[in-house]
Every structure is written in C-alpha cells, then in structure tokens.
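Analysis of the macromolecular model
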Amino acid sequence: MTGMKFNVLAQVGLSLIALISSIGFCHESLIFASEPPQETQVKIISNPKHPAPPDGKKKRIIFEEELTIGAVEGDENYMFGDYIVFNTDDEGDFYITDWDRKRIQKYSPDGEFLLTIGKRGQGPGEFGNLSIARFDSRQLLYVTDIANHRINFFDKAGNFFEQITIPDVFENLYINSKGQYISSRSRFAESEYGFSAFLLEWGIYDSQFKLISEFYSEKRDRKPPEGQDVSSRAKFVAGILSELAFQPFPYYVVTDDDMVYFGTRENYIVDVFSPAGEKVKSIRRDYDPIRVTDKDKEHFIINVAENLIRIYPEEVRKEAHKFIKYPKYKPAYSSFCLMENGWLVVVVDSLPGEGSLIDLFDQEGVYVGHFKTDIPSENLFFKNGRAYAVDEKDNYKFAKRYRFRIVEEEKR
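In this report, the structure presented in the accompanying data block is examined. (Residues numbered from 1 in each chain as written. Predicted model: local features only at pLDDT ≥ 70, side-chain atom pairs only at ≥ 80, totals over all residues. Heavy atoms only, no water.)

This part covers helix 4 (residues 314-321). Among all positions in helix 4, only Val316, Arg317 and Ala320 are buried. The buried residues of helix 4 all sit within an arc of 100° when viewed along its axis, so they share a single face. Exposed residues pointing more than 90 degrees away from the buried face of helix 4 are listed as Glu315 and Lys318. Residues of helix 4 that are buried sit in contact with helix 2 (230-244) and helix 3 (294-308). (Buried < 20%, exposed > 50% of the residue type's maximum accessible area, 1.4 Å probe, protein only. Helix = DSSP H or I, 4+ residues; strand = E, 2+ residues; numbered from the N terminus. Arc of directions from axis to C-beta. Contact = heavy atoms within 4.5 Å.)

With that settled, the discussion passes to the sheet that holds strand 21 (residues 344-350). Reading across the sheet, the four strands line up as 20-21-22-23 and stay open at both edges, with antiparallel pairing between neighbours. The open sheet has two edge strands, strand 20 (335-338) and strand 23 (367-373), and neither has a second partner. Strand after strand, the sheet turns through a mean of 20° between neighbouring axes, direction not considered. By the bridge criterion, six bridges tie strand 22 (residues 356-361) to strand 23 in an arrangement that is antiparallel. What sits directly across from Ile358, in strand 23, is Phe371. (Pairing = 2+ DSSP bridges. Axes fitted to C-alpha atoms, helices over the stretch in contact; angles between N-to-C directions.)

Attention now moves to the pairing of strand 21. Among the seven residues of strand 21, six are classified as buried, and the element is accordingly described as predominantly covered. Across four bridges, the pairing between strand 20 and strand 21 is antiparallel. By the bridge assignment for strand 21, Ser335 is matched with Val347. Examined bridge by bridge, strand 21 and strand 22 share six bridges and lie antiparallel to one another. Bridging from a neighbouring strand, Ser350 pairs with Ser356 of strand 22.

Mapped onto the fold, Ser108 is located in the loop between strand 6 (103-107) and strand 7 (113-117). Between the C-alpha atoms of Ser108 and Asp93, which are 15 residues apart in sequence, the distance is 4.6 Å. Residue contacts for Ser108: discarding those within four places in its chain leaves Gly92, Asp93, Phe94 and Leu114.

Glancing now at the packing of aromatic side chains. As enumerated under the stated definition, the model contains 36 aromatic pairs in all. An angle of 85° between the planes, with centres 6.4 Å apart, marks the rings of Phe262 and Phe273 as edge-to-face. Within this pair, whereas Phe262 is found in strand 17 (residues 260-263), its partner Phe273 is found in strand 18 (residues 269-273), the two being separated by eleven residues in sequence. In this structure Phe262 comes out as buried when scored by relative accessible area, which is 3%. (Phe/Tyr/Trp six-rings, centres within 6.5 Å; stacked < 30°, edge-to-face > 60°.)

There is about 430 Å³ of room inside the second largest pocket. In this structure, the second largest pocket is lined by 22 residues; those nearest its centre are Phe135, Asp136, Gln139, Thr255 and Asp256. Its residues assigned to classes, the lining of the second largest pocket shows six nonpolar, eight polar and eight charged. (1 Å grid on protein atoms, 1.4 Å probe; cavity = no way out; pocket = protein on both sides within 12 Å on 5 of 7 lines; lining within 4 Å. Points joined across faces, edges and corners; volume = space filled by probe spheres on them. Nonpolar A, V, L, I, M, F, W, Y, C, P; charged D, E, K, R; others polar.)

You can see Lys102 is positioned in the loop between strand 5 (94-98) and strand 6. No salt bridge is formed by the buried Lys102; its nearest oppositely charged neighbour, Asp100, is found at 5.6 Å. In terms of polar contacts, Lys102 uses its side chain to reach the backbone carbonyl oxygen of Trp99, at 2.7 Å. Excluding anything up to four places from it in sequence, Lys102 contacts Gly118, Lys119, Arg120, Phe127, Gly128, Asn129 and Leu130. (Lys, Arg positive; Asp, Glu negative; His and termini not counted. Salt bridge = Lys/Arg side-chain N within 4 Å of Asp/Glu carboxyl O. Polar contact = N/O pair within 3.5 Å; in protein donor to acceptor, adjacent residues only side chain to side chain.)

Spelled out as structure tokens, the structure:
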C-alpha cells in the first residue's frame, strides 16, 4: 500500500489565497467544526503514552540514501523551484511536480531526465496550478489544476489524454478504483457578516463531485479589515497565517486498495475508512504535546509565510509578522504514510536539518516503535521496496530515494 504525503501548509495556504484573492481582503472571525456521525463496530486501537510493543522489542527503521535528483546550478532539467512534490510509478520512474515552474519532470529509476509534462498556460495539458501526480486504474497520470478548475490526464510518455472539469476548489485529490474522488473541497457559503465565508469539507465524492461520505468539515466566516492602510492589511494577512501556523488541520492518505487513513491532527488519532466511507478502525495514542519554539516560528516565517504571502507588498508582509498568533503547542502529529507491509508511519515532529521524530505502528495499529531519524519528512512515502522524500538544503529542493530496513532496538 502506498501513502502519498502532500504539503498541507502549502495546500491550505494556496486554497485560502485563491479564495481570498477572488473576493478581496477579509479576516477570520469564527470557525465551526462538525464531526461525522459515529459509526458502529469501529475497532478502537488505544496505545498508551509509553507503550510497550507486543513482543517487548521496539522497532525502528534504518534509512540509507540511495539516489538524489536535483541540482543547485547547471542543467535546468535538474533545477527545481521552492515547492516540489513527487510520485513514482511501478517501474520506479520519478514524476516531480514543480509548482513554481508549472511542470512535471519525469526521471528514470537511475535519476536520468526523460521528459517534461505540461507547462504554464490554460490550454489542454497546460497548468495554471498543479498538484502531485498520481495514477488511476488505467495507469494514466492525473494532476489537479485548481486554477483552471480541472483534472488533466496524461499517459506515461507525457502525452495529454483528456481533462475533467471540477467545481469549486478540490485539493489533494485521489481517484479510487471505482472512479470516485477522495478530496478536500472548499466552496463559498453564506456569511454571518455579509462578506465572505467558505465551507471546507473532506470526504468521498461520486463522478459528478457530489458528496457520498463526509469525514470532517469546517465553516470559516470572514469579514473585511477595518481599513486599507498598511496596519489593517497586515492584520488581515496575519489572520491567514495564524490559521496555518502550527494549527491542526486534516491530513489523509489513500491506499492502493482504496482504504482512507484520515486524521484532524487535533488529537493523536488516525481513523481508517473503508472504500465505502465507513469508519472501521481508530488508531490512537496518548502523548505529550510538543511546544512551538522560537526556531519553529522563524522557520515558519521564512519557509511558509513568505512563500504564501509574497503577492503582498514587502511593507505589509513585514508588518504582518508582528501580528501572527502562534499556539503554545504543535498539532498532535505532523503527517503519516503507509509502508507496503501495512505499517503506519507517523511523523510526530520534524524540522529541516534536524531530522524527524517517528512513531511506528503495525498492521493492526499497535505501537511497535518510536525513534528519531535523519530522513526528511516532506513528501515521505514508501513504494517499490524503497522510501522517498523531498529534502531541502540551503533553500534548494531535492528528490531522494532511500534503502531501508526494519531493525529491533537494542536494550539499554
């Protein structure tokens, strides 16, 4: 099974910017959250704060870097923008989405550049925006373009095949074996303040994008800033960034057999849904929350905030930094993915250059290990007997492949 990680902050930020840009300046005032109805016969797997593995032997994953794709200078085909994600096919070829350059670069399993798929534009096979590349049951590559409101389909040779028009804003979209969509959806809703509000919902949608099963939803109501001076605009921008700064936000992956692993990250809970959208399992762990440090805040400003609000004047951006409201603690976890043996890998915390803190659970959701590793957590996934992730060095991005093995922790 393959779980693909998507950069959640970028996902949410781009969606918010897209909605806000179309309606003008606004500021968050109220958030409502709704939980899906409780299903029956849900298997609850509860893990204590300091659990002991079933066999008494903790496990960890040892990673060994095998291949790096990317360059600081030289061949343009190996140079990437500020934000990339990637996927691989069953043959081990890489498909690297370069959001800045609005293209997908394909590389061989040896890292050799093969071809470019798409370019910036509005025509067939062109992108105004683009997501990670995934594969449908026909083995066609599909890419969501929220700017042009469509899904583009290509064959593995990079030839444009077809496109499907999508309503509203659908992001981190998967297509399951039945042709249904698993996605987050953003759309405008009635506002209490008569200005702007939008509904965010996560679930399974049919071929006409009608909701079949909802996992979670939020309504965000907004009102205009008090004025158009620098301070007022900065507070508006800070309001957007405060929504993103270490706030819990839903995260999910879809496996090759159409199971959905979903969590709001508000608590240490990962729920598992069947292909029909029924909750069948809930994996939980007691935990100690991790504080947001000054270093975390600095990284957020440089690597997230500035990328998301660069459309605003410099004076507004700098002033906005002063008004960002940070929570005391980070979300319960950062992200998760599935290994091919069915084990759940939960990235508890990470910071570029400092590695990742990981919890490991077996196929049943029982804790088997907790360890720190140097592997980056961005876009971390497992496929073809390898691990993959996006790495960053001196603000340059690289796609990496790793050998790995599961070992038992030595007793101390």
